[in-house]
Amino acid sequence: MILAQALTHEAFAAYGALIAPGQSERDINFGTTRRYDDVASLDVDDEGGRACVAIFRTQAQGDAAAYPLCAFERHRLGSQSFIPLGASRCLAVLAGDGERPDESAIAAFVIGPGQGVTLRRGVWHHPLITLGAADVLVIERAAAQVDCEVVMMATQAQVKLPAA
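Residues numbered from 1 in each chain as written. Predicted model: local features only at pLDDT ≥ 70, side-chain atom pairs only at ≥ 80, totals over all residues. Heavy atoms only, no water.

Draft legend 1. How the structure looks around the overall build of the protein chain. The number of helices and strands found in the protein chain is one helix and 16 strands. Taken along its principal axes, the extent of the C-alpha atoms in the protein chain is 55 × 45 × 30 Å. Put simply, 81% of the contacts in the protein chain that link residues at least 6 apart link residues at least 24 apart. Mean positive and mean negative side-chain charge positions of the protein chain (13 and 19 charges, respectively) differ by 3 Å. (Helix = DSSP H or I, 4+ residues; strand = E, 2+ residues; numbered from the N terminus. Contact = heavy atoms within 4.5 Å. Lys, Arg positive; Asp, Glu negative; His and termini not counted. Charge placed at Lys NZ, Arg CZ, Asp CG, Glu CD.)

Following this line, the structure appears as structure tokens:
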């Protein structure tokens, strides 16, 4: 059983970067809005890639006490960002960046409202898991060549949410 942990800059650094308000900030709109620039660094240009902004809409899977894992995927040519919209939450479940997912070193993070993550290229991650029905903004590489390698898990594992 893998216990999902809180999402912080430090805890997530091995896999990519946290998307959250940062240090580059300023007032705009006559002082009614705080703007935070450069909250994500995208890496999508190799081999003719371009940034693609999409919304993934998931369906409620019921109130799971634990979330079963089935496969890991990676994108060798570009980063991938996930930002839950509204009050939605999702899980980032990661298994290293070697030639195959490292099922003995799975880490899981809860991405809450007001947060997002950018996965570095080559990081093995489980396909999107949302906590209930959700819309998730995804920024990823688009190109003529598909850049998604999927490996089914050899072992059984589940992610458990931390106690509230």
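Continuing now.
Draft legend 2. Looking closely at the environment of D102. Mapped onto the fold, D102 is located in the loop between β10 (90–94) and β11 (107–111). Along the backbone, D102 and F72 are 30 residues apart, and their C-alpha atoms lie at a distance of 9.7 Å. Reaching out from D102, the side chain makes a polar contact with the side chain of S104 at a distance of 2.5 Å. (Polar contact = N/O pair within 3.5 Å; in protein donor to acceptor, adjacent residues only side chain to side chain.)

Draft legend 3. Here's a closer look at the sheet that holds strand β1 (residues 2–3). Strands sit in the order β1-β16-β7 across an open sheet of three strands; the sheet is mixed. Each having just a single partner strand, β1 and β7 (66–68) make up the two edges of the open sheet. Across two bridges, β1 lies against strand β16 (residues 158–160) in parallel orientation. Along β16, the bridge assignment pairs I2 with V159. (Pairing = 2+ DSSP bridges.)

Draft legend 4. Spatial organisation of the environment of V146. Positionally, V146 belongs in the loop between β14 (134–142) and β15 (149–152). The exposure class assigned to V146 is exposed, which follows from its relative accessible area of 71%. As for V146 and L77, which are separated by 69 residues in sequence, their C-alpha atoms are 9.5 Å apart. (Buried < 20%, exposed > 50% of the residue type's maximum accessible area, 1.4 Å probe, protein only.)

Draft legend 5. Just the nonpolar core, in detail. Ranked by internal contacts, the top residues of the largest apolar core, which has 19 residues, are L69, L91, V93, I106 and V159. Excluding its chain neighbours within four sequence positions, the residues that come into contact with V159 are M1, I2, A4, A65, A66, Y67, L69, L91, V93 and A108. (Core = buried A, V, L, I, M, F, W, Y, C linked by side-chain atoms within 4.5 Å.)

Draft legend 6. Examining unusual backbone geometry more closely. The phi angle at F30 is positive, at roughly 60 degrees, despite the residue not being glycine. On the basis of relative accessibility, which here comes to 89%, the residue F30 falls in the exposed class. Within the chain, E47 stands out as a residue other than glycine whose phi angle is a positive 50 degrees. Since its relative accessible area comes to 56%, E47 is described here as exposed.

Draft legend 7. Up close: the state of the cysteines. Applying the stated criterion to the full structure yields zero disulfides. Free cysteine: C90, not disulfide-bonded; nearest cysteine sulfur from C70 at 16 Å. With no disulfide of its own, C148 lies 12 Å from the sulfur of C70, the closest cysteine sulfur. Relative accessible area serves as the criterion here: at 38%, C148 is assigned to the partly exposed category. (Disulfide = S-S within 2.5 Å.)

Draft legend 8. View of the sheet that holds β10. One open sheet accounts for four strands, arranged β2-β11-β10-β13; its pairing is mixed. A strand with exactly one partner marks an edge of an open sheet, and here the two such strands are β2 (5–6) and β13 (129–130). Relative to β11, β10 is paired through five bridges, and the arrangement is antiparallel. Paired with L94 across the bridge in β11 is A107.

These figures come from the coordinates and say nothing about function on their own.
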